[in-house]
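Listed below are the residues making up each chain.
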Amino acid sequence: MSSPTPDMRRFDEFMDEALYGPSGFYVRGGRPAARGGDFATSPELGTLFARCVAGWLDRTWDELGRPDPFVVVEGGAGRGTLCRDVFAHVAACRDAVRYVMVERVAHQRDEARAAIGMSGISGDCSVPDDSLARIGDADVPERIVAVSDLPVGPLVGVVLANELLDNLPFRLLERSETGWQEVHVDRAEPATNMPPVDEGHGTPEQEIVRPTAGRVTEVLREAPADAAAMAEVMAPDAAPGARVPLQLKAAVWVRRALRLLERGRLLTFDYGVRRTADLAQRPQSEWLRTYRSQRRGHEPLEAPGSADITCDVAFDQLPPGATLSTQAEWLGAAGINSMTADARALWQRKRSKPTAEALAARTLLDEAAALTDPDGMGAFWAAEWHVG
């Protein structure tokens, strides 16, 4: 039996370090962007996504009785792109909105503050709500703030998150003949390429050591009883060798977001599946991915810190009560077709001899197509919870 090393940790702890540690991917500068970044997200493709969100905010504000302040909390706000573009298009609720950008990475918060400052959005209006007095690393919340964690509630407003839940570290379990094993990661150099212990007849003390590229080694250890019980409930028919993520941090984040709201909405967009059992039927490489320079990357354990690590969200692991629709359906209901109708008509008239205006219209149509692509972003899930 191999002894645990000081560098052995659960997969979720390894992932957290690989993304947010001192040499982590985001700390070193990994970022989304339409061009030149490591991965593309809906807000970075253009302004259409933000226009749809802005219209939804106007309608939600009205449904909630036009509260003032109307607090909008965005989780995983990055460099402030969505916030900037929402303020450029929000209408009815603009004067009531107090926008909280939540971003864990310090340099991205700094970039967000700079981007908002350059946009000309007023930031001199503080929130007259004592429940926001202790908000992350800001003492007095302004019209727009960038902070490191969710604020203090209760609030009346909404919480938004686009492609955040897939990025929250998750535990990783594998079904064996006798139960569930949990994936650990050992960053020490393996002494030899030892054959794996028989998975069907191992004892709780035995481990299965699988050498990987470099100095990072995957180690399977018996899963704790609570983790094994959760995996069994989520994927009772999983075959030996099947793997599932346990997305506890995503579930905790959603619970925290819901508890913030006295009245309001929680809206998330992410790729994923309705049932964890669906992931158990697929190879791990299909739902646990890395990205760098907008391309699928290497195995997650290879070169930690050099690529983003993401996972399909299993929505049955999140708190119940959400209404699920595809991103394409949600954007359709939010009016994306009417927003692009003029561009579509212009392109049809000018496509044979396109002018600069017609080419701009074509760009807008391409953006809409990407956002609603049934084989791409359009297949993402929009999950909306109502509180109060």
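Rules used throughout
- Residues numbered from 1 in each chain as written.
- Predicted model: local features only at pLDDT ≥ 70, side-chain atom pairs only at ≥ 80, totals over all residues.
- Heavy atoms only, no water.
- Buried < 20%, exposed > 50% of the residue type's maximum accessible area, 1.4 Å probe, protein only.
- Helix = DSSP H or I, 4+ residues; strand = E, 2+ residues; numbered from the N terminus.
- Arc of directions from axis to C-beta.
- Contact = heavy atoms within 4.5 Å.
- Pairing = 2+ DSSP bridges.
- Salt bridge = Lys/Arg side-chain N within 4 Å of Asp/Glu carboxyl O.
- Axes fitted to C-alpha atoms, helices over the stretch in contact; angles between N-to-C directions.
- Parallel < 35°, antiparallel > 145°, perpendicular 65-115°, else oblique.
- Left-handed = near helix turned anticlockwise from the far one by under 90°.
- Core = buried A, V, L, I, M, F, W, Y, C linked by side-chain atoms within 4.5 Å.
- Expected span 1.5 Å × (residues − 1).
- Phe/Tyr/Trp six-rings, centres within 6.5 Å; stacked < 30°, edge-to-face > 60°.
- Polar contact = N/O pair within 3.5 Å; in protein donor to acceptor, adjacent residues only side chain to side chain.

### With respect to helix α5 (residues 225–234)
Here is step 1 of the chain: Looking only at α5, the buried set comprises Ala227, Ala228, Ala231 and Met234. All buried residues of α5 fall inside an arc of 130 degrees around its axis, so they share one side. Turned more than 90 degrees away from the buried face of α5, the exposed residues are Ala225, Asp226 and Val233.
Here is step 2 of the chain: Check the buried side of α5 and you find it contacts β6 (171–175), β7 (180–186), β10 (243–246) and α7 (276–280).

### Some remarks on the pairing of strand β5 (residues 155–162)
Here is step 1 of the chain: Most of β5 sits out of view: eight of its eight residues are buried.
Here is step 2 of the chain: Pairing geometry for strand β2 (residues 70–75) and β5, over five bridges, is parallel. Paired with Glu74 across the bridge in β5 is Leu160.
Here is step 3 of the chain: The sheet contact formed by β5 and strand β11 (residues 261–270) spans eight bridges and is parallel. Residue pairing in the sheet places Leu160 in a bridge with Leu267 of β11.

### Some points on the pattern of salt bridges
Here is step 1 of the chain: For the coordinates displayed, the defined rule picks out 19 salt bridges.
Here is step 2 of the chain: For Asp110, the salt bridge goes to Arg113, with nearest N and O atoms at 3.1 Å. Residue Asp110 and its partner Arg113 are located together in helix α4 (residues 106–119), separated by three residues, close to a single helical turn.
Here is step 3 of the chain: Judged by its relative accessible area of 38%, Arg113 falls in the partly exposed class.
Here is step 4 of the chain: Arg362 is the partner of Asp366 in a salt bridge, and the nearest nitrogen-oxygen pair spans 3.0 Å. Of the two residues, Asp366 and Arg362 both sit in helix α12 (residues 356–372), four residues apart, roughly one turn of that helix.

### Thoughts on the packing of helix α11 (residues 341–350) against α12
Here is step 1 of the chain: With their axes 8 Å apart at the nearest point, α11 and α12 run at an angle of 130 degrees to one another. By the angle between their directions, the pair α11 and α12 is classed as oblique. In the packing of α11 onto α12, the handedness of the crossing is left-handed. Facing α11, whose interface residues are Ala343, Arg344, Leu346, Trp347 and Lys350, α12 presents Glu357, Ala358, Leu359, Ala361, Arg362, Leu364 and Leu365.

### Regarding the nonpolar core
Here is step 1 of the chain: Residues Leu57, Phe70, Val86, Tyr99, Met101 and Trp330 are the most contacted members of the largest nonpolar core, which totals 43 residues.
Here is step 2 of the chain: At nine residues, the largest contribution of residues to this core is made by helix α2 (residues 48–63).
Here is step 3 of the chain: Setting aside residues up to four positions removed in sequence, Trp330 forms contacts with Cys52, Val53, Trp56, Leu267, Phe269, Ser325, Ala382 and Glu384.
Here is step 4 of the chain: One finds Ala251, Leu261, Val313 and Trp385 within the second-largest nonpolar core, a separate group that totals 29 residues.

### A word on the sheet that holds strand β4 (residues 144–147)
Here is step 1 of the chain: Ordered in space as β4-β3-β2-β5-β11-β18-β17, the seven strands form an open sheet in which the pairing is mixed. The open sheet is flanked by β4 and β17 (323–326), the only strands paired with a single partner. Each strand axis lies, on average, 15 degrees off the axis of its neighbour in the sheet, ignoring direction.
Here is step 2 of the chain: By the bridge criterion, four bridges tie strand β3 (residues 97–102) to β4 in an arrangement that is parallel. When the bridges of β4 are listed, Met101 appears paired with Ala146.
Here is step 3 of the chain: Together, β2, β3 and β4 form the strand contacts of helix α3 (residues 81–89), whose direction differs from that of β3 by roughly 165 degrees.
Here is step 4 of the chain: With respect to the sheet, α4 is in contact with β3 and β4, its orientation differing from that of β4 by roughly 170 degrees.

### Quick look at helix α6 (residues 248–260)
Here is step 1 of the chain: Its 13 residues place the ends of α6 18 Å apart at the C-alpha level, agreeing with the 18 Å of an ideal helix rising 1.5 Å per residue.
Here is step 2 of the chain: Of all the residues in α6, the buried ones are Ala250, Ala251, Trp253, Val254, Ala257, Leu258 and Leu260.
Here is step 3 of the chain: For α6, the elements touching its buried residues are β2, β5, β11 and β18 (381–387).

### Comments concerning the packing of aromatic side chains
Here is step 1 of the chain: Taken as a whole and judged by the stated rule, the model has nine aromatic pairs.
Here is step 2 of the chain: A connected cluster of aromatic rings, assembled from ring pairs, spans Phe49, Trp56, Phe269 and Trp330.

### What to know about the environment of Thr340
Here is step 1 of the chain: Mapped onto the elements of the fold, Thr340 is located in the loop between α10 (336–339) and α11.
Here is step 2 of the chain: Spatially, the C-alpha atoms of Thr340 and Ala368 are 7.7 Å apart, while their sequence positions differ by 28 residues.
Here is step 3 of the chain: Contact partners of Thr340, with chain neighbours within four places excluded, come to Leu48, Leu364, Leu365 and Ala368.
Here is step 4 of the chain: Within the structure, the side chain of Thr340 is placed 3.2 Å from the backbone oxygen of Asn337, a separation counted as a polar contact.

### Things to note about unusual backbone geometry
Here is step 1 of the chain: A cis amide bond, omega 15 degrees, links Asp68 with the succeeding residue Pro69.
Here is step 2 of the chain: Tracing the sequence through the fold places Pro69 in the loop between α2 and β2.
Here is step 3 of the chain: Residues other than glycine seldom take positive phi values, yet Glu163 does so here, at roughly 50 degrees.
Here is step 4 of the chain: Of note, Glu163 is situated in the loop between β5 and β6.
Here is step 5 of the chain: On the basis of relative accessible area, Glu163 is assigned to the buried category, the value being 15%.
Here is step 6 of the chain: In this structure, Ala303 takes a positive phi of about 50 degrees despite not being glycine.
Here is step 7 of the chain: Relative to the helices and strands, Ala303 is located in the loop between β14 (295–296) and β15 (308–311).

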